[in-house]
Amino acid sequence: MVNHYQKALKITEEWTAYLWENQIKESATIHNGAFTGNYLDQLARPKESIYTLNVLVSVYYCPDSKYYCNEELANRIELLLAYIERVQRLDGNFDLPSVNYYSAPDTAFMTQRLNTAYRVIDQYGQDERSTGLKNRLYQIIKKAGTGICQGGFHTPNHRWVIAAALMMSYNLVGVELFKGIAEKYLAEGIDCNQDGEFSERSTGIYNAVNDNALILLSEATGRGEFLEYVRKNLEMIILFLEPDGSLYTGNSTRQDQASKFYPDNYYHLYLEMAVRFNNGRFAEMARKIIEDQRYQLSLKNIADSFHIFMLRPALQDFTVKRELLPVNFKKHYRDSGVVRVRRGKMSITITENSSEFLVFKVGQLRLYLKICASFFSIGQFNADQSDQRWRRASKTGRIKPTPDGYQMDFAASGCYYLPFEDLTAELEWGDMRYADRETSGEIKLSLQIIIKEIEQGLELSIKSAGCDRVPIKLEFGITPGCIVEGESYLLDGIAGQSMVAKSGQLRLQKDEDIIQLGPAFGRHRYTDYMRGSEPPSKNDFIVYFTDFTNIDHKITIVKR
């Protein structure tokens, strides 16, 4: 059985060694003592440096660490703390140099870590140096809390990050304003639905941010109900795990949408909640994450959370019995608009709020589907659009269960403006007075998509009605580096390149993973630059099936 504490300590020591080589030591600059992290832009970020402070303090005070009470490390912590004091704005806030200035939400992220660093020192440090560090951190935290109270937020998750930072700071410095502002945010109610999904739907990034903030809020306020939101979200995340260990992110409304993320940032959340709820599946997720690192970012995520072992020594002896994670299930998250199907190495995902509405995955081989018709520039399926000036609109309905699958419906309409019947005043130059004009009859186009699970895959039925002769394309984005084989061709699937498949079945292969797709149809090459369609992915190889409405096609996508 994995010893989480020993493994996390080893990872944190590795990350500390990396950090050791990347501290700025230029006494003539404001950034002396800062850390740039692993960003290519080499900007000195207060946030990166404060997270680093939390890591360094944790290993410095850990009796089992090779850096325990290391004098050189203590000097580096002092240098880093001086930088943090130097760059804190007069109002108490910090900047995020890549985008935000005098930023209350970014300061809240940092203040959470400042508080945990203070608590580690308070719990383990007994010497004069520790007292000095605590006194300096106390002043930084108090000043930061004041700045946060004067600021605001941008995105939904910021509210809980701010509330957590203020409640933690209130418990330390006792400023009533901190508690009052936090309670104002909490009065809005937590934006987590019955599925366990937060409003940003950000599986790769911000769901974990929310979970972390809610755990901190529960600790700071003594309100256990916050943990129930975390529990529900972590249960959902388990079913968003793909066959290759990554997370499904296609329904996110944030920058992680349809990007590849692994659940490294959930490690401490699963670990803590496994103990709190005696949950075997959470224990297995924690094990899976810490034993399955792929790149240096994994080290950072584990090291950033090492303080939990210091603050809650009970976690150092992790005893919850693990349970196997589910790999054979079908789940419709109705509130969130997502269907997840998992059959061992194969997964199927249908989502309502993304043009990439269908994703089929076998191991490392991923295939997505987008559909677009060249219809008044509003024909992108599952991307609702409205243009008031031209009085045209399109809308995709919700996922509807059918007796043997799921259905999605799309409707779009456009029209033309008519001349005035009785123009009483001369038109001014350039004034078309569109709002006053009558329009011609609506021209309509509808699509019906039915997705049915079959053995080893799915059957896709696509029908259109309404306006005929409209060019339409099915865009299949495929993991690059695959081999694409048809009845009369064999080629490498190179990222950013595309082809139109005219007929027959396609065999897509990456290593031992194989998907069969077809039958193909190709009646035109109006693809990459179709009016109203999203630009094709530069990160995938694209196969197009093309036709003209009205259509009635059946396609199978199966694992081989």
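Higher on the page you've got the structure.
Residues numbered from 1 in each chain as written. Predicted model: local features only at pLDDT ≥ 70, side-chain atom pairs only at ≥ 80, totals over all residues. Heavy atoms only, no water.

Asks: I'd like to hear about empty space enclosed by the protein, residue by residue, with values.
Replies: This structure, assessed with the given rule, holds 3 cavities of 30 Å³ or more. Its volume calculated, the largest cavity comes out at about 120 Å³. Residue assignment for the lining of the largest cavity shows that the elements contributing at least two residues are helix H4 (104-124), helix H8 (206-221), helix H10 (267-277) and helix H13 (307-311). Looking at the lining of the largest cavity, its residues break down into 4 nonpolar, 6 polar and 6 charged. (1 Å grid on protein atoms, 1.4 Å probe; cavity = no way out; pocket = protein on both sides within 12 Å on 5 of 7 lines; lining within 4 Å. Points joined across faces, edges and corners; volume = space filled by probe spheres on them. Helix = DSSP H or I, 4+ residues; strand = E, 2+ residues; numbered from the N terminus. Nonpolar A, V, L, I, M, F, W, Y, C, P; charged D, E, K, R; others polar.)

Asks: A description of the layout of surface pockets should follow, citing residues and the corresponding values.
Replies: By volume, the second largest pocket is sized at about 540 Å³. In this structure, the second largest pocket is lined by 29 residues; those nearest its centre are Ala-258, Ser-259, Glu-356, Arg-366 and Asp-540. The set of elements that each furnish at least two residues to the lining of the second largest pocket consists of strand S6 (358-362) and strand S7 (365-373). Here the lining of the second largest pocket gets 3 residues from one element, more than from any other, and that element is S7.

Asks: Let's hear about the sheet that holds strand S14 (residues 471-478): which residues, and what values?
Replies: The sheet built from 8 strands is open, its strands ordered S3-S4-S5-S6-S7-S14-S20-S17 with mixed pairing. At either margin of the open sheet sits one strand with a lone partner, and together these are strand S3 (328-333) and strand S17 (498-500). Each neighbouring strand pair of the sheet contributes to a mean axis angle of 15 degrees, computed without reference to strand direction. (Pairing = 2+ DSSP bridges. Axes fitted to C-alpha atoms, helices over the stretch in contact; angles between N-to-C directions.)

Asks: Could you give an account of the pattern of salt bridges, with specific residues and numbers?
Replies: As enumerated under the stated definition, the model contains 39 salt bridges in all. Asp-304 is paired through a salt bridge with Lys-300; the nearest N and O atoms lie 2.8 Å apart. In this pair, Asp-304 and Lys-300 are both assigned in helix H12 (residues 296-304), 4 residues apart and thus about one turn of the helix distant. On the basis of relative accessible area, Asp-304 is assigned to the buried category, the value being 9%. Asp-409 is the partner of Lys-400 in a salt bridge, and the nearest nitrogen-oxygen pair spans 3.1 Å. (Salt bridge = Lys/Arg side-chain N within 4 Å of Asp/Glu carboxyl O. Buried < 20%, exposed > 50% of the residue type's maximum accessible area, 1.4 Å probe, protein only.)

Asks: Lay out the pairing of strand S2 (residues 100-103) with the relevant residues and their values.
Replies: Side chains on a regular strand alternate between the two faces of the sheet. Sheet topology places strand S1 (residues 94-96) next to S2; 2 bridges connect them, and they run antiparallel. Considered in S2, the bridge of Leu-96 is made with Asn-100.

Asks: Now, about the nonpolar core: what can you tell me, with residues and values included?
Replies: In globular proteins that are soluble, nonpolar side chains generally tend to be buried together. Counting residues in hydrophobic clusters, the biggest one holds 117 residues, and the most contacted among them are Leu-53, Ile-84, Tyr-266, Tyr-270 and Phe-309. Among the nonpolar cores identified, the runner-up in size contains 51 residues, and Leu-369, Ile-449, Ile-462 and Phe-545 belong to it. (Core = buried A, V, L, I, M, F, W, Y, C linked by side-chain atoms within 4.5 Å.)

Asks: Mind laying out the packing of H10 against helix H11 (residues 280-290), listing which residues take part and the relevant values?
Replies: Each packed pair of helices is defined by two parameters, the angle between the axes and the distance between the axes. Following both chains from N to C, one finds H10 and H11 inclined at 150 degrees, their axes separated by 8 Å at the closest point. Here H11 runs roughly antiparallel to H10, going by the angle between their axes. For the crossing formed where H10 meets H11, the hand is left-handed. On H11, the residues touching Tyr-267, Tyr-270, Leu-271, Met-273 and Ala-274 of H10 are Phe-282, Ala-283, Met-285, Ala-286, Ile-289 and Ile-290. A class-by-class count of the residues in the contact of H10 with H11 yields 11 nonpolar, no polar and no charged. (Parallel < 35°, antiparallel > 145°, perpendicular 65-115°, else oblique. Left-handed = near helix turned anticlockwise from the far one by under 90°. Contact = heavy atoms within 4.5 Å.)

Asks: If you had to explain the packing of H8 against H10 to someone new, which residues and values would you point to?
Replies: Where H8 meets H10, the closest approach of the two axes is 10 Å, and the angle between their N-to-C directions is 45 degrees. Between H8 and H10, the angle is such that the two are oblique. Seen from above, H8 lies across H10 with left-handed handedness. Contacts from Ala-208, Asp-211, Asn-212, Ile-215 and Glu-219 in H8 reach His-268, Leu-269, Glu-272, Met-273 and Arg-276 in H10. When its residues are assigned to classes, the contact of H8 with H10 shows 4 nonpolar, 2 polar and 4 charged.

Asks: Summarise the side chain of Thr-527; cite the residues concerned and give the values.
Replies: Mapping Thr-527 onto the fold places it in the loop between strand S19 (513-518) and strand S20 (541-548). For Thr-527, the side chain forms a polar contact with the side chain of Asp-528, separated by 3.4 Å. Once residues within four sequence positions are removed from consideration, Thr-527 is found in contact with Lys-473, Val-500, Ser-533, Tyr-544 and Thr-546. (Polar contact = N/O pair within 3.5 Å; in protein donor to acceptor, adjacent residues only side chain to side chain.)

Asks: Describe helix H9 (residues 225-239), listing the residues and the values that go with them.
Replies: Within H9, 11 of the 15 residues are buried, which leaves the element mostly enclosed by the surrounding structure. Those residues of H9 that fall on the buried side of the exposure criterion are Phe-226, Leu-227, Val-230, Lys-232, Asn-233, Leu-234, Glu-235, Met-236, Ile-237, Ile-238 and Leu-239. Packed against the buried residues of H9 are helix H7 (176-186), H8, H10, H11, S3 and strand S4 (338-343).

Asks: Talk me through H7; I want residue IDs and the actual numbers.
Replies: Along H7, the positions that sit buried rather than exposed are Phe-178, Ile-181, Ala-182, Tyr-185 and Leu-186. What you see down the axis of H7 is that its buried residues fit within an arc of 140 degrees, all on one side. Residues of H7 that are exposed and point more than 90 degrees away from the buried face comprise Glu-176 and Lys-184. The inward-facing, buried residues of H7 abut helix H5 (128-150), helix H6 (156-173), H8 and H9. (Arc of directions from axis to C-beta.)

Asks: Please provide a residue-by-residue account of the packing of aromatic side chains, values included.
Replies: Under the definition given, this model contains 21 aromatic pairs. Plain terms: the ring middles of Phe-381 and Phe-410 are 5.8 Å apart, the flat faces sit at 50 degrees to each other, and that makes the pair tilted. Here the residue Phe-381 occupies a position in the loop between S7 and strand S8 (385-387), and Phe-410 occupies one in strand S11 (residues 405-414), the gap between them amounting to 29 residues. Using a relative accessible area of 0% as the deciding quantity, one classes Phe-381 as buried. The lysine or arginine in question, Lys-47, covers the ring of Phe-109, its NZ or CZ lying 4.0 Å from the ring centre. If you follow Arg-113 out to its NZ or CZ, it ends over the ring of Tyr-51, 4.1 Å from the centre. (Phe/Tyr/Trp six-rings, centres within 6.5 Å; stacked < 30°, edge-to-face > 60°. Lys NZ or Arg CZ within 6 Å of the ring centre and 35° of its normal.)

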